[in-house]
Amino acid sequence: DARYSTIASRDGRAIAGLSMGGHGSLFLAIRHPNVFGAASSTSGSVDLLKRTFSWKYKEMILGDVECCMENWKRNSVIEMADQLKHQHDCGTQDDLYLANKALHEKLIAMQIEHVYAEGPGKHDAAYWSSSIVPILRFTKQYFDRN
């Protein structure tokens, strides 16, 4: 805030990311609700326990899944869902689709306000390119309301 022209409140801040960055954007918004007012994720790795491919760096940070399960749960967006108001989307051919769908269904069951979208697509730049416009619209609507 000291270096850039910002609105130094949560009403002036939003965060977005894709894939692991999608998890990161939701995670940071949950952990720092006083900093971020809106968060978006596309193809987000929202459930760290769903291991669709090898992420060795997570084990270095969180510990082995077998011995440190609580670390994994405590840091997984799907386990933190009760603290969320956000947008997320995922391609239906993405390896992370089922976890994103599960997060959506959990948020519905908990009656948590959110925006969810899905459509044909994989975990790739083509899908992410199509999801950027809805993310920007969501963010603009958030800023317009505030």
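For the structure itself, look to the data block above.
Just so we're clear, the structure is a prediction, and the values are computed from it rather than from any experiment.

S.K.: Is there a simple way to think about the overall build of the chain in this case?
M.R.: Within the chain one finds 5 helices and 4 strands. Counting from the amino terminus, the chain carries its helices and strands in the arrangement β-α-β-α-α-β-α-β-α. In summary, the chain has a C-alpha radius of gyration of 15 Å against a globular reference of 15 Å for 146 residues, a match within 12%. Projected onto the principal axes, the alpha-carbon positions of the chain cover approximately 45 × 35 × 30 Å. Considering the chain as a whole, with its 146 residues, one finds that 44% of them fall into the buried category. Nonlocal contacts in the chain, meaning residues at least 24 apart in sequence, comprise 65% of its contacts between residues at least 6 apart. In the form shown here, the chain has an accessible surface area of approximately 8200 Å², with 56% of it arising from carbon and sulfur atoms. Across the chain, the 17 positively charged side chains and the 17 negatively charged ones have centroids separated by 4 Å.

S.K.: I would appreciate a short explanation of helix H4 (residues 97–109) in the present structure.
M.R.: Within an α-helix, residues lying three or four positions from one another point in the same direction, as the helix has 3.6 residues per turn. When the terminal C-alpha atoms of H4 are compared, their 18 Å separation across 13 residues agrees well with the 18 Å that a helix rising 1.5 Å per residue should span. Along H4, the positions that sit buried rather than exposed are Tyr97, Ala99, Asn100, Leu103, His104 and Leu107. The first or second residue beyond H4 is Gln111, which carries a positive phi of 55°.

S.K.: Which parts of the structure should I look at to understand the pattern of salt bridges?
M.R.: Side-chain pairing between opposite charges can occur once the charged atoms of the two side chains come close. Counted according to the given criterion, the structure contains 3 salt bridges. Between Asp1 and Arg13 there is a salt bridge, with the nearest N and O atoms lying 2.4 Å from each other. Placement of Asp1 in the segment before strand E1 (14–18) and of Arg13 in the segment before E1 is noted, with a sequence separation of 12 residues between them. A salt bridge links Asp144 to Lys140, with the nearest nitrogen and oxygen atoms 2.7 Å apart. You can see Asp144 and its partner Lys140 sitting in helix H5 (residues 125–145), 4 residues apart, about one turn around the helix.

S.K.: Is there a simple way to think about the side chain of Ser25 in this case?
M.R.: For Ser25, the location among the structural elements is in helix H1 (residues 20–31). For Ser25, a relative accessible area of 1% corresponds to the buried category. With sequence-adjacent residues up to four places away left out, Ser25 is seen in contact with Ile15, Ala16, Gly17, Ala39, Ser40 and Ser41.

S.K.: Looking at this structure, I do not really get H5. What am I missing?
M.R.: Taking 1.5 Å of rise per residue, the 21 residues of H5 would be expected to cover 30 Å, and the 30 Å separating its terminal C-alpha atoms lies within 8% of that figure. Most pronounced at Ser131, the bend in H5 amounts to some 30°, and the proline Pro134 follows within four residues. Regarding H5, the residues found buried are Tyr127, Trp128, Ser131, Ile135, Phe138, Thr139 and Tyr142.

S.K.: How do you make sense of the nonpolar core when you look at a structure like this?
M.R.: Side chains of a nonpolar character, in soluble globular proteins, are inclined to be buried together. Formed by 16 residues in total, the largest nonpolar core has its most connected members in Leu26, Val46, Val77 and Leu103. Elements with a minimum of two residues in this core: H1 and H4.

Quick notes on the rules
Residues numbered from 1 in each chain as written. Predicted model: local features only at pLDDT ≥ 70, side-chain atom pairs only at ≥ 80, totals over all residues. Heavy atoms only, no water. Helix = DSSP H or I, 4+ residues; strand = E, 2+ residues; numbered from the N terminus. Rg over C-alpha atoms; globule rule 2.2 N^0.38 Å. Buried < 20%, exposed > 50% of the residue type's maximum accessible area, 1.4 Å probe, protein only. Contact = heavy atoms within 4.5 Å. Areas by Shrake-Rupley, 256 points an atom, 1.4 Å probe, with all protein chains shown as cover. Lys, Arg positive; Asp, Glu negative; His and termini not counted. Charge placed at Lys NZ, Arg CZ, Asp CG, Glu CD. Expected span 1.5 Å × (residues − 1). Salt bridge = Lys/Arg side-chain N within 4 Å of Asp/Glu carboxyl O. Bend = angle between axes of the 7 residues up to and from the residue. Core = buried A, V, L, I, M, F, W, Y, C linked by side-chain atoms within 4.5 Å.

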